[in-house]
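Chain residues, written in single-letter form:
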Amino acid sequence: NAGVTQTPKFQVLKTGQSMTLQCAQDMNHNSMYWYRQDPGMGLRLIYYSASEGTTDKGEVPNGYNVSRLNKREFSLRLESAAPSQTSVYFCASSEAEREAFFGQGTRLTVV
Amino acid sequence: AQSVTQLDSQVPVFEEAPVELRCNYSSSVSVYLFWYVQYPNQGLQLLLKYLSGSTLVKGINGFEAEFNKSQTSFHLRKPSVHISDTAEYFCAVSPWGASKIIFGSGTRLSIRP
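The structure reproduced in this document is the subject of the present report. Owing to the predicted nature of the structure, the values given are computational and were not obtained by experimental measurement. (Residues numbered from 1 in each chain as written. Chains lettered and ligands numbered in written order. Predicted model: local features only at pLDDT ≥ 70, side-chain atom pairs only at ≥ 80, totals over all residues. Heavy atoms only, no water.)

1. Observations regarding the environment of Cys91(A)
All names here are of chain A.
- Mapping Cys91 onto the fold places it in strand S9 (residues 87–94).
- For the pair Cys91 and Gln17, spaced 74 residues apart in sequence, the C-alpha to C-alpha distance is 21 Å.
- Contacts of Cys91, omitting those with residues within four sequence positions, involve Val4, Gln6, Cys23, Met32, Tyr33, Trp34, Phe101, Phe102 and Gly103. (Helix = DSSP H or I, 4+ residues; strand = E, 2+ residues; numbered from the N terminus. Contact = heavy atoms within 4.5 Å.)

2. Here we look at the interface of chain B and chain A
- Taken together, the 25 residues of chain B in the interface contact 22 residues of chain A.
- Where chain B meets chain A, there are 0 salt bridges.
- Put simply, chain B and chain A have 5 residue pairs in polar contact (both at pLDDT 80 or more) between them.
- For the side of chain B that touches chain A, the elements supplying multiple residues, two or more each, are strand S5 (31–38), strand S6 (44–50), strand S10 (87–95) and strand S11 (102–103) of chain B.
- A breakdown of the residues in the side of chain B that touches chain A according to their chemical character gives 13 nonpolar, 9 polar and 3 charged. (Salt bridge = Lys/Arg side-chain N within 4 Å of Asp/Glu carboxyl O. Polar contact = N/O pair within 3.5 Å; in protein donor to acceptor, adjacent residues only side chain to side chain. Nonpolar A, V, L, I, M, F, W, Y, C, P; charged D, E, K, R; others polar.)

3. A short note on the pairing of S6(B)
All names here are of chain B.
- For S6, the buried fraction is high: 5 of the 7 residues fall into the buried class.
- One ladder, built from 6 bridges, connects S5 with S6; its direction is antiparallel. When the sheet's bridge partners are listed, Leu33 is paired in S6 with Tyr50.
- Connecting S5 to the antiparallel partner S6 that follows it, the hairpin turn spans 5 residues, and Asn41 within it adopts a positive phi of roughly 60°. (Buried < 20%, exposed > 50% of the residue type's maximum accessible area, 1.4 Å probe, protein only. Pairing = 2+ DSSP bridges.)

Here it is as structure tokens:
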């Protein structure tokens, strides 16, 4: 029962570098999400995907791109990392508006 | 658009005391409501959810919440807390017909022995 798997768990980037955070779920869920968590700000929605082939902007999409590669996978890309993107990133999946299942998070530091 | 307000960023309570964590939301459409818990250095897990029906919902670990439509609130309660309840708690809403989930800023519950 893997659930939602995120890779990597930790990453340090230099300002201006690019990287892709990977997320895969094995629960056959249609909806997938990317959030960032910062102290005192809760979880803020970056992008979400209601189904394979569709993506929509959330609350804080600037500086990020996403790809819903297939029903299982939803990746988040930082094209040119900035220190303001230092955060913990969570991927989640759900069936429509029901309960979301979360990965263990990726702790990203941009120096 | 939807928003979620958790009025208390931190709530300290003594062990075995009751606790209430407050959540208010704003939405132009009907919503589903959730409470999640996050233990240190872990992801989030569901405590309870309101989809429809009875406005009092019970969750895991003895928690319950009551949906109040007129006050647009979904407060979380537990009659007697334990040290193991120390965690951060998040209220969330998901609007009907839209596959997105919006979270509040969280309430850190600290339990004193």
